[in-house]
Amino acid sequence: MDITGFALVTGAGSGIGRACAKTFAQDGAAGVALLDLNEQALQAVKTEIDNDHAKRGDRSCTVDVYPVDVTDEAAVETVVKKIVAKFGRLDYAVNAAGVAFKHEGGAAFAHTKDWQRVLDVNLNGTFYVLRSAAQIMLKQDPILSSIDGRPLQRGAIVNFGSILAHVGVATSTAYTASKHAVMGLTRTASEDYAKDGLRINAICPGYIETPMTTNDPVLSKAMAAQVPTAVPMKRQGRPQEVADGVMYLCGGRSSFVTGTALFVDGGYTQR
Ligand SMILES: NC(=O)c1ccc[n+]([C@@H]2O[C@H](COP(=O)([O-])OP(=O)(O)OC[C@H]3O[C@@H](n4cnc5c(N)ncnc54)[C@H](O)[C@@H]3O)[C@@H](O)[C@H]2O)c1
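Each chain carries its own residue numbering, running from 1 in the direction its sequence is written. In view of the model being predicted, local features appear only for residues whose pLDDT reaches at least 70, and side-chain atom pairs are presented and counted only at 80 or more, with totals across whole chains, interfaces and linings using the full set of residues. For the side-chain quantities, the full set of heavy atoms in the structure was used; hydrogens and water were omitted.

1. Observations regarding the environment of Ser178
Segments assigned H or I by DSSP are reported as helices when at least four residues long, segments assigned E as strands when at least two residues long, and all are numbered from the N terminus. Structurally, Ser178 can be placed in helix 5 (residues 173-193). Working definition: with a 1.4 Å probe on protein chains only, accessible area under 20% of the residue-type maximum means buried, over 50% means exposed, and in between means partly exposed. The exposure class assigned to Ser178 is buried, which follows from its relative accessible area of 0%. Measuring from C-alpha to C-alpha, the distance between Ser178 and Glu39 comes to 25 Å, with 139 residues separating the pair along the chain. Note on contacts: a residue pair is in contact if any heavy atoms of the two residues lie within 4.5 Å. Discounting residues that sit within four places of it in the chain, Ser178 has contacts with Val118, Leu119 and Asn122.

Take a look at the structure:
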């Protein structure tokens, strides 16, 4: 996959972010910085990655743990600086931290605090990480592709949209708004830096089996109802299937891809 550089993954303690972190390490990244609110979960992911490497006996990838709240602008800036001080550069930033919420009764009855929390994590958190990462990436030398010497990037940022960055579903008021906004941020920022070799894309998962969807009774019920009728593949996706798309968007095989959305949704959005 031509993933040879240093990666930062938010939401790395669970679900899709965890799968992304593990895949970076398996596919040859030199280092992975794991960011999440949940420090215990981050330590568990680090142990899994370190054990995988020890078992395979291959070259290890440096794995560092950074507990951080992505809604804390100053904390995000500090952590990104620390990561770069340690790694020397930052090649891939993956914005997987996110929260989902359904407002009973929809927009007319949504509480401001719920709206703000979802927008804060999904949109503002993504913006803070993108901004800090882009400032670093724009200043560093491009890395060379190990595939065929094609012009390669100064950095790649992958933001997390969703099928709800493209369509709306009932009562997902703040979540749908946040994910549509993430697409807007992705498109405008990608245009700003396309000429500089900094690529910014979004991945848009469909219904994926993760703690986000399985631990919340409202979301898991909605997913169970939707999957048989609304997903042409008639199943939920796996975190690894999304991580594989993220690796494509970060690595050298997507060298001419920026400002786009990759839907990993079992066909949901083609209906
Ligand atoms: N699971 C799905 O069906 C699905 C579908 C479409 C999009 N997505 C998106 O994929 C991304 C990953 O979702 P997931 O299903 O793996 O969820 P998850 O709940 O399993 O993992 C999300 C992680 O984000 C972390 N997080 C939450 N708020 C944070 C904050 N303020 N600062 C730092 N970390 C924080 C959580 O601690 C958790 O470890 C999210 O952006 C989500 O919106 C998921």
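That was the structure; now back to the text.
2. Thoughts on the site of the ligand
Here a residue is considered near a molecule or strand provided that any single heavy atom belonging to it is located within 4 Å of it. In the vicinity of the ligand there are 29 residues, among which Ser14, Ile16, Asp36, Tyr175 and Thr210 approach most closely. Within the side chain of Tyr175, one N or O atom sits 2.6 Å away from an oxygen atom of the ligand. In this structure, Thr210 approaches the ligand through a side-chain N or O atom, which is 2.5 Å from an oxygen atom. For the ligand, whose accessible area on its own is 830 Å², the fraction buried by protein is 91%. Pairing of N or O atoms within 3.5 Å defines a polar contact, subject to two protein rules: one partner must be a possible hydrogen donor and the other a possible acceptor, and residues neighboring in sequence count only if both atoms are side-chain atoms. Per-residue and other accessible areas follow the Shrake-Rupley method at a 1.4 Å probe size, with only the shown protein chains counted as cover for residues.

3. As for the pairing of strand 1 (residues 6-10)
Summarising burial for strand 1: 5 of the 5 residues are buried, a large majority. Here strand 1 shows no split at all, with Phe6, Leu8 and Thr10 on one side and Ala7 and Val9 on the other all buried. Pairing between strands is defined by DSSP: at least two bridges between the two strands are required. Sheet topology note: the strand 1/strand 2 (residues 31-36) ladder contains 5 bridges and is parallel. By the bridge assignment, Val9 is partnered in strand 2 with Leu34. Note on handedness: a crossover is taken as right-handed if, strands pointing away from the viewer, the path from the first strand over the helix to the second is clockwise. Crossover connection from strand 1 via helix 1 (residues 15-27) to parallel strand 2: handedness right-handed.

4. Comments concerning the nonpolar core
Working definition of a nonpolar core: buried Ala, Val, Leu, Ile, Met, Phe, Trp, Tyr and Cys residues. They are joined through side-chain atoms within 4.5 Å. Leu8, Leu35, Ile83, Leu90, Met137, Ile157 and Tyr207 are the most contacted members of the largest nonpolar core, which has 46 residues in total. Mapped onto this core, the elements with two or more residues apiece are strand 1, strand 2, helix 3 (73-87), helix 4 (112-137), helix 5, strand 6 (198-205) and helix 7 (217-230). With 11 residues, helix 4 is the largest single contributor of residues to this core. Counting residues in each nonpolar core, the second largest holds 36 residues, with Ala12, Ala19, Leu42 and Phe160 among its members.

5. Focus on the pattern of salt bridges
Note on definitions: salt bridges are taken to be side-chain nitrogens of Lys or Arg within 4 Å of carboxyl oxygens of Asp or Glu. Applying the stated rule across the entire model yields 9 salt bridges. For Arg89, the salt bridge goes to Asp91, with nearest N and O atoms at 2.8 Å. Like Arg89, the residue Asp91 is buried in the burial classification. As a salt-bridge pair, Asp196 and Lys195 come within 3.5 Å of each other at their nearest N and O atoms. Because the salt bridges share partners, they merge into one network encompassing Arg18, Lys22 and Glu48.

6. Quick look at the packing of aromatic side chains
In summary, the pairing rule links any two rings of Phe, Tyr or Trp, Trp by its six-membered ring, whose centres are within 6.5 Å, and it sorts them by plane angle into stacked for under 30 degrees, edge-to-face for over 60 and tilted for everything else. Under the definition given, this model contains 4 aromatic pairs. The ring of Tyr268 has Arg271 sitting right over it, with the charged end atom 4.3 Å from the ring centre. Distance and angle both matter: a charge sits over a ring if NZ of Lys or CZ of Arg is within 6 Å of the ring centre and within 35 degrees of the ring normal.

7. Looking at the packing of helix 1 against helix 8 (residues 239-250)
Think of each axis as a best-fit line through the C-alpha atoms, taken over the contacting stretch in the case of a helix, with angles from 0 to 180 degrees between the N-to-C directions. For the pair helix 1 and helix 8, interaxial distance at closest approach is 8 Å and the crossing angle is 55°. As far as their axial angle goes, helix 8 and helix 1 are oblique. Handedness of the helix 1/helix 8 crossing: right-handed. Facing Gly15, Ile16, Ala19, Cys20, Thr23, Phe24 and Asp27 of helix 1, the residues of helix 8 in contact are Pro239, Gln240, Val242, Ala243, Asp244, Val246, Met247 and Cys250. Orientation is classified from the angle alone, with under 35 degrees giving roughly parallel, over 145 giving roughly antiparallel, 65 to 115 giving roughly perpendicular, and any other angle giving oblique. If you view the pair so one helix is near and one far, a crossing is left-handed when the near helix is turned anticlockwise from the far one by less than a right angle, and right-handed when it is turned clockwise.

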